[in-house]
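Fold and contact review
Single-letter residue listing:
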Amino acid sequence: MAGHESRITGHESRLVYLSLGSNVGDRAAHLACAIPLLNEAGVRVVKQSSLYRTEPVPGTAGPPQQWFLNCAVECETALMPRQLLRATQAIERRLGCKKLILRGPRTIDIDILFYGASRIRARDLEVPHPRMTHRRFVLVPLAEIAPGLRHPLMRRSVAELLAACADRSQVVHHLARLPGGNGING
Ligand code: AMP
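Parameters and conventions
Residues numbered from 1 in each chain as written. Predicted model: local features only at pLDDT ≥ 70, side-chain atom pairs only at ≥ 80, totals over all residues. Buried ≥ 20, exposed ≤ 12 C-beta atoms within 10 Å, placed from the backbone. Helix = DSSP H or I, 4+ residues; strand = E, 2+ residues; numbered from the N terminus. Pairing = 2+ DSSP bridges. Expected span 1.5 Å × (residues − 1). Contact = placed C-beta atoms within 7 Å. Near = placed C-beta within 6 Å. Nonpolar A, V, L, I, M, F, W, Y, C, P; charged D, E, K, R; others polar.

**A short note on the pairing of strand β5 (residues 109-115)**
Burial runs high along β5: 5 of the 7 residues are buried. Taken together, the 6 bridges between strand β1 (residues 14-22) and β5 define a ladder with antiparallel strand orientation. If you follow L20 over to β5, its bridge partner there is I110.

**A closer look at helix α2 (residues 27-40)**
Over its 14 residues, α2 extends 21 Å from the first C-alpha to the last, a length consistent with the 20 Å expected when each residue adds 1.5 Å. Within the sequence span of α2, burial applies to R27, H30, L31, A32, A34, I35 and L38. Looking at the buried positions of α2, the neighbouring elements they touch are β1, β2 (43-48), β3 (51-54), β4 (68-77), α3 (81-94) and β5. Immediately downstream of α2, the backbone of G42 shows phi near 90°, a positive value.

**Focus on the environment of S49**
Tracing the backbone shows S49 in the loop between β2 and β3. On a C-alpha basis, the gap between S49 and A146 in space is 9.3 Å, while along the polypeptide they are 97 residues apart. What S49 contacts, discounting residues up to four positions off in sequence, is C71, A72, P141, E144 and I145.

**Notes on the site of the ligand**
Taken together, 9 residues surround the ligand, and among them D111, I112, D124, E126 and H129 come closest. Mapped onto the shell around the ligand, the elements with two or more residues apiece are β5 and β7 (126-127). For the shell around the ligand, the element with the most residues is β5, which contributes 3 residues. Taken together, the residues that form the shell around the ligand break down as 3 nonpolar, 1 polar and 5 charged.

**Brief notes about the pairing of β1**
Most of β1 is tucked away, with 7 of its 9 residues classed as buried. Note: β1 against β4, 9 bridges, orientation antiparallel. Directly across from R14, in β4, lies its bridge partner T77.

Structure follows, in structure tokens:
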């Protein structure tokens, strides 16, 4: 699959949506660092939500976790889905991703929410992200930048999915922009 993907040339650009989260150390700085790294990898960030402070998902093993900072970004890329996954995983590694405990603390976590209107169901990659509709920490930032975007399987907009979401965990507006100002969103 990887070889096949890398042979495709002139692949048209797709609109993709990513969810970014951090709950270790300087959380805002980790999120801010990811933006230029995405751009360098050929994933051009065109819109970015505010930062939100979000409650950790309950049921995590180990000591209580710090709250997360989360945001969502809209990007254009010519990378194929697995190339995109590899790029986001390389950024997670580069920023020192800590995933020692399942759903535990992490320097940065990048999830692919949508890849155009594609549906992908493979062992290593599911798009649209299968848990995004149950998570306010994903839907609130995404609804800020793309409320009318339609989920290709559920056929509801992001705003409708948020209104219907049963998750009651806290998602609190924190900062309108990432620190360091990266010039996106005008
Ligand atoms: P997590 O630790 O929750 O970030 O999960 C990472 C794992 O989820 C990786 O092994 C990915 O291959 C897999 N995965 C499946 N679908 C996605 C997706 N849409 N975005 C990011 N990772 C995904």
